[in-house]
Structures are given as C-alpha cells and as structure tokens.
Amino acid sequence: MPLKPEERDGLLKIRQLKKTYWALFVSIPLLLIAAQVLVQVTGQWAWIASILVPFVWGVTVQQKLIRYRCPRCGEPFFYPAPVPSHATSIPSQKRCQHCGLSEDQLQF
Ligand SMILES: [Zn+2]
C-alpha cells in the first residue's frame, strides 16, 4: 500500500529525529573527553559546561521521539505509552508498535 503524503512526511520526520538523536548520542561522550582535556590544559572548569547544550538538545530530541505520534494511526509510534526508561531502544525501532507502519516503506 503506497504511503499517503502525511505518512511519508511523518516517517521522514521520525528518521530525521533519529539521525539527530544518534549524532548527539555519539558526539556527547567525545565532547566530554574534549572538555576534560581543555579543563586539564586551561585549568578552567567552565569547559565542562560546554556539553550542557548538546546534552539538553539530546534529551529534548529523545523526549520528542518518545511522544511522537504515528502519522497513520495517531498512536505513540515507539511505545504504547511514553516510558522514558525504554528510550534507549528508540534508534533501532523502525515500525509503529500499533499499526506496523514502517520506515522501510519509505522509498527514495
Ligand atoms: Zn501506527
């Protein structure tokens, strides 16, 4: 069954949020290491604060994903209810838990 335009747009938005989530997930530990090096070199503990922005951004993206509604059925895409403790499995999930709408249906 071909995707409706709103389903395609919704899946593209989910894919974009997941890419951002992963980019931040990978970059935050690297930024933390860089901040630690800068603290040692400069003696300025304020460098640790430099990871706050990407960290808050990452948490925000994670919360958006947890609450994201399926563009087809309107139910939560990832879980039956927002459960932040399960958020780490978000990047691997490609299919709506309710109706089965899948990112794999996106064709470019
Ligand atoms: Zn659905």
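Scoring rules and cut-offs
- Residues numbered from 1 in each chain as written.
- Predicted model: local features only at pLDDT ≥ 70, side-chain atom pairs only at ≥ 80, totals over all residues.
- Helix = DSSP H or I, 4+ residues; strand = E, 2+ residues; numbered from the N terminus.
- Contact = placed C-beta atoms within 7 Å.
- Buried ≥ 20, exposed ≤ 12 C-beta atoms within 10 Å, placed from the backbone.
- Axes fitted to C-alpha atoms, helices over the stretch in contact; angles between N-to-C directions.
- Parallel < 35°, antiparallel > 145°, perpendicular 65-115°, else oblique.
- Left-handed = near helix turned anticlockwise from the far one by under 90°.
- Nonpolar A, V, L, I, M, F, W, Y, C, P; charged D, E, K, R; others polar.
- Core = buried A, V, L, I, M, F, W, Y, C linked by C-beta atoms within 7 Å.
- Expected span 1.5 Å × (residues − 1).
- Bend = angle between axes of the 7 residues up to and from the residue.
- Arc of directions from axis to C-beta.

**Student:** Can you tell me about the overall build of the protein chain, naming the residues and giving the values?
**Tutor:** Across its full length, the protein chain carries two helices and zero strands. Sequence separation of 24 or more characterises 55% of the internal contacts of the protein chain that already satisfy a separation of 6 or more.

**Student:** Describe the environment of G100, listing the residues and the values that go with them.
**Tutor:** Positionally, G100 belongs in the segment after α2 (52–67). A tally of 11 C-beta atoms within 10 Å means that G100 is categorised as exposed.

**Student:** How would you explain the packing of helix α1 (residues 5–42) against α2 if you had to name every residue and give the values?
**Tutor:** Two elements in contact, α1 and α2, have axes whose closest approach is 9 Å; the angle formed by their N-to-C orientations is 150 degrees. Taken together, the axis directions place α1 and α2 in an arrangement best described as roughly antiparallel. The handedness of the crossing between α1 and α2 is left-handed. Of α2, the residues touching α1 (which contributes L17, K18, T20, Y21, L24, F25, S27, I28 and L31) are P54, F55, W57, G58, V61, Q62, K64 and L65. A breakdown of the residues in the contact of α1 with α2 according to their chemical character gives 11 nonpolar, four polar and two charged.

**Student:** Please provide a residue-by-residue account of the nonpolar core, values included.
**Tutor:** Within the largest apolar cluster, 10 residues are counted, these being L11, I14, Y21, V61, L65, C70, F77, F78, C96 and L101. Not counting residues up to four positions away in its chain, the partners in contact with I14 are Y68, F77 and E103.

**Student:** A description of the environment of S92 should follow, citing residues and the corresponding values.
**Tutor:** Along the chain, S92 falls in the segment after α2. On the neighbour-count criterion, S92 (7 C-beta atoms within 10 Å) is exposed. Between the C-alpha atoms of S92 and K18, which are 74 residues apart in sequence, the distance is 9.2 Å.

**Student:** Kindly report on α1, identifying the contributing residues and their values.
**Tutor:** Taking 1.5 Å of rise per residue, the 38 residues of α1 would be expected to cover 56 Å, and the 52 Å separating its terminal C-alpha atoms lies within 8% of that figure. A bend of about 30 degrees at S27 is the largest found in α1, and the proline P29 appears one to four places after it. Those residues of α1 lying buried are G10, L11, I14 and Y21. For α1, the secondary structure elements touched by its buried residues are α2. Once α1 ends, the next one or two residues include G43, with phi positive near 75 degrees.

**Student:** Report on α2, specifying residues and quantitative values.
**Tutor:** For α2, spanning 16 residues, the distance from its first C-alpha to its last is 23 Å, which sits close to the expected 22 Å at 1.5 Å a residue. Of all the positions in α2, only V61, Q62 and L65 are classed as buried. Buried positions in α2, seen along its axis, are confined to an arc of 100 degrees and lie on one side of it. Turned more than 90 degrees from where α2 packs its buried face, L52, V53, V56 and R67 sit exposed. Buried-residue contacts for α2 involve α1.

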